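Spelled out from the first residue to the last, the chains are:
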Amino acid sequence: MDTTRIGLDPNAELALSPRVRSWLRRRSSRADDWTAAQLAPLKGSRTVSVVIPARNEEETVGQIVRTIRTTLVEDNPLVDEVLVVDSRSRDATARVAAEAGARVVSQDDVLRPLPGMHGKGEALWKGLAATAGDLVVFVDGDLYDFTAGYVIGLLGPLLTDPEVDYVKGFYHRPLVNGSHTDADGGGRVTELVARPLLNMYWPDLAGFVQPLAGEYAGRREVLESIPFVTHYGVEVGHLIDLLRWRGLDALAQVDLGMRTHRHQGTQALGRMSGQIMLTIMDRLDRSGRLVAQEAPSTLLAQFRRAAEGARELVVTDLAVQERPPLRTVRTPAGQVPPCT
Ligand SMILES: O=c1ccn([C@@H]2O[C@H](COP(=O)(O)OP(=O)(O)O)[C@@H](O)[C@H]2O)c(=O)[nH]1
Ligand SMILES: O=C(O)[C@@H](COP(=O)(O)O)O[C@H]1O[C@H](CO)[C@@H](O)[C@H](O)[C@H]1O
């Protein structure tokens, strides 16, 4: 990739270590560095699964599935299975996804003997469990301008470089609010919470343009060997755990162009931020870098406008749990041990 597209100003030398600057040059690429026709033959005997976590995404999930099936299953055999994980939707997500050609599972039906956990991280872990591809691509179900290039770009490094285990997408992220668009206003939790904390405590990850990107891919044997934090801690948990276990050079990023998606409101992002902070503090604690007399509270008090200008106190328990590496759950026969 021409990393001059990531212009490094002179101060970059201060914020980015030589290791990260070198990584940026060697491990950043662009989706159009490859085509599906070029990558399909490189699969060999390997298979590819796309997992789409979807909670109430009836508006967008169908187009995403159709795009993948048409371009990457029918026209080019790059993708072998498309799974939508219905994450307790209350709309027609499951029907829309199935009509578009996806296999659909309900998050709570996968690995049923296990008690259910919650949120996006749970949906992704269950999607990993319910698929078989040697390479797994995760794509959010709320994207408005998804293209097959997202999947092609994420698979490029995995199919051409055996040293790469995990690839994150990056993109320009406009914040679309009705008729107003802020060209780079998206990724609010990334810019306000994740990026500052990752720069402080894991500077080796400072080169990731979109550390919370919801589009990423990895090798199954690696994905089944790392925990999946539930709710919205999953992405930041992956990056921190993979950096520690596989090292920076096993990670890569691909420019996917532009990403617009359904935005959540500020208070929802406040809860997401809390889950990401709890995940980061947990990783700091595990590495002995956070000496806390007591565990942080997981309760978040927020104040919501109520009738007649009053305010309503809303308390949410942000506690995240964690699914263990999938390979530790399955017996050699591939079964799930009875719930102990
Ligand atoms: O409990 C959940 C929460 C989210 N999602 C899905 O995960 C993706 C990203 O979630 P969301 O859009 O809420 O996050 P954002 O993109 O706003 O950060 C979307 O496809 C959601 O439908 C899910 O499957 N289960
Ligand atoms: O990057 C972000 O700040 C958040 C919110 O994005 P917006 O401010 O709504 O564009 O979105 C991401 O974060 C989530 C938590 O990691 C991921 O699960 C989402 O896929 C990703 O869109």
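Under an unreviewed UniProt entry, the protein chain has the name Glucosyl-3-phosphoglycerate synthase and belongs to Saccharomonospora azurea NA-128. For the record of the protein chain, the UniProt heading Sequence similarities (unreviewed entry) holds the text "Belongs to the glycosyltransferase 2 family."

Draft legend 1. Main features of the side chain of Gln275. Position of Gln275 relative to the elements: it lies in helix H11 (residues 266-286). Looking at Gln275, the relative accessible area reads 7%, which means it is buried. Separated by 3.4 Å, the side chain of Gln275 and the backbone nitrogen of Tyr232 make a polar contact. For Gln275, the contacting residues outside a window of four places in its chain are His231, Tyr232, Gly233, Leu318 and Val320.

Draft legend 2. Representation of the packing of helix H10 (residues 234-246) against H11 in the model. Put simply, H10 and H11 touch, their axes get as near as 9 Å, and they point 20 degrees apart. When the axis of H10 is compared with that of H11, the two are roughly parallel. Where H10 crosses over H11, the two elements pack in a sense that is right-handed. Across from Val236, Gly237, Ile240 and Asp241 in H10, the residues of H11 making contact are Ile276, Thr279, Ile280 and Arg283. The residue inventory of the contact of H10 with H11, partitioned by class, reads four nonpolar, two polar and two charged.

Draft legend 3. Representation of the UniProt feature "domain: Glycosyltransferase 2-like" (unreviewed entry) in the protein chain within the structure. UniProt feature "domain: Glycosyltransferase 2-like" (unreviewed entry): in the numbering of this structure it lies at residues 49-163. Measuring from the first to the last C-alpha atom of residues 49-163 gives 20 Å, for a span that is 39% helix and 17% strand.

Draft legend 4. A look at the site of ligand 1. Within the structure, ligand 1 sits among 16 residues, and Pro53, Arg55, Glu57, Gly141 and Tyr232 are positioned closest to it. A distance of 2.8 Å is found between an oxygen atom of ligand 1 and a backbone nitrogen or oxygen belonging to Arg55. Contacts to ligand 1 include Ser87, whose side-chain N or O atom sits 2.8 Å from a nitrogen atom. If ligand 1 stood free it would expose 520 Å²; the protein chains cover 93% of that surface. The set of elements that each furnish at least two residues to the shell around ligand 1 consists of strand S2 (48-54) and helix H6 (119-129). When residues of the shell around ligand 1 are assigned to their parent elements, the largest contribution, three residues, is made by H6.

Draft legend 5. Focus on the packing of helix H8 (residues 188-201) against H11. Axis separation between H8 and H11 bottoms out at 10 Å; the angle between their running directions is 10 degrees. On the basis of their axis angle, the class for H8 and H11 is roughly parallel. For the pair H8 and H11, contact is made by Arg188, Val189, Val193, Leu197 and Tyr201 and by Leu269, Met272, Ser273, Ile276, Met277, Ile280 and Leu284, respectively. Considering only residue class, the contact of H8 with H11 consists of 10 nonpolar, one polar and one charged.

Draft legend 6. The arrangement of the sheet that holds strand S1 (residues 28-30) in detail. Read from one edge to the other, the open sheet built from eight strands follows the order S1-S11-S6-S9-S5-S2-S3-S4, with strand pairing classed as mixed. On the outer flanks of this sheet lie S1 and strand S4 (103-106), each paired with one strand and no other. Across the sheet, the axes of successive neighbouring strands diverge by a mean angle of 25 degrees, strand direction being ignored. In this structure, strand S5 (residues 135-138) lies alongside strand S9 (residues 216-219), joined through four bridges in antiparallel fashion. For Val137, the partnering residue across the bridge sits in S9 and is Ala217. Each of S1 and strand S11 (251-258) touches helix H2 (residues 18-27); the most contacted strand, S11, lies at about 60 degrees to it. Running over the sheet, H10 touches strand S6 (166-172), S9 and S11 and is turned about 130 degrees from S6.

Draft legend 7. Local environment of the pairing of strand S12 (residues 299-305). Direction of pairing for S12 relative to strand S13 (residues 311-317): antiparallel, over a ladder of seven bridges. Note that in S13 the partner of Phe303 across the bridge is Leu313. Here S12 folds back onto S13 in antiparallel fashion, the turn holding five residues, of which Glu308 has a positive phi close to 50 degrees.

Draft legend 8. Seen up close, the site of ligand 2. In the vicinity of ligand 2 there are 17 residues, among which Asp140, Arg173, Arg188, Val189 and Thr190 approach most closely. Within the backbone of Gly187, a nitrogen or oxygen atom sits 2.8 Å from an oxygen atom of ligand 2. Expressed as a share of its isolated accessible area of 500 Å², the protein-covered part of ligand 2 is 97%. Elements with a contribution of two residues or more to the shell around ligand 2: H8 and H11. Looking at the shell around ligand 2 element by element, the count peaks at three residues for H8. Across the shell around ligand 2, the residue classes break down as five nonpolar, six polar and six charged.

Reading guide: rules and limits
- Residues numbered from 1 in each chain as written.
- Chains lettered and ligands numbered in written order.
- Predicted model: local features only at pLDDT ≥ 70, side-chain atom pairs only at ≥ 80, totals over all residues.
- Heavy atoms only, no water.
- UniProt positions renumbered as here; feature names shortened; annotations may be inferred.
- Helix = DSSP H or I, 4+ residues; strand = E, 2+ residues; numbered from the N terminus.
- Buried < 20%, exposed > 50% of the residue type's maximum accessible area, 1.4 Å probe, protein only.
- Polar contact = N/O pair within 3.5 Å; in protein donor to acceptor, adjacent residues only side chain to side chain.
- Contact = heavy atoms within 4.5 Å.
- Axes fitted to C-alpha atoms, helices over the stretch in contact; angles between N-to-C directions.
- Parallel < 35°, antiparallel > 145°, perpendicular 65-115°, else oblique.
- Left-handed = near helix turned anticlockwise from the far one by under 90°.
- Nonpolar A, V, L, I, M, F, W, Y, C, P; charged D, E, K, R; others polar.
- Near = heavy atom within 4 Å.
- Areas by Shrake-Rupley, 256 points an atom, 1.4 Å probe, with all protein chains shown as cover.
- Pairing = 2+ DSSP bridges.

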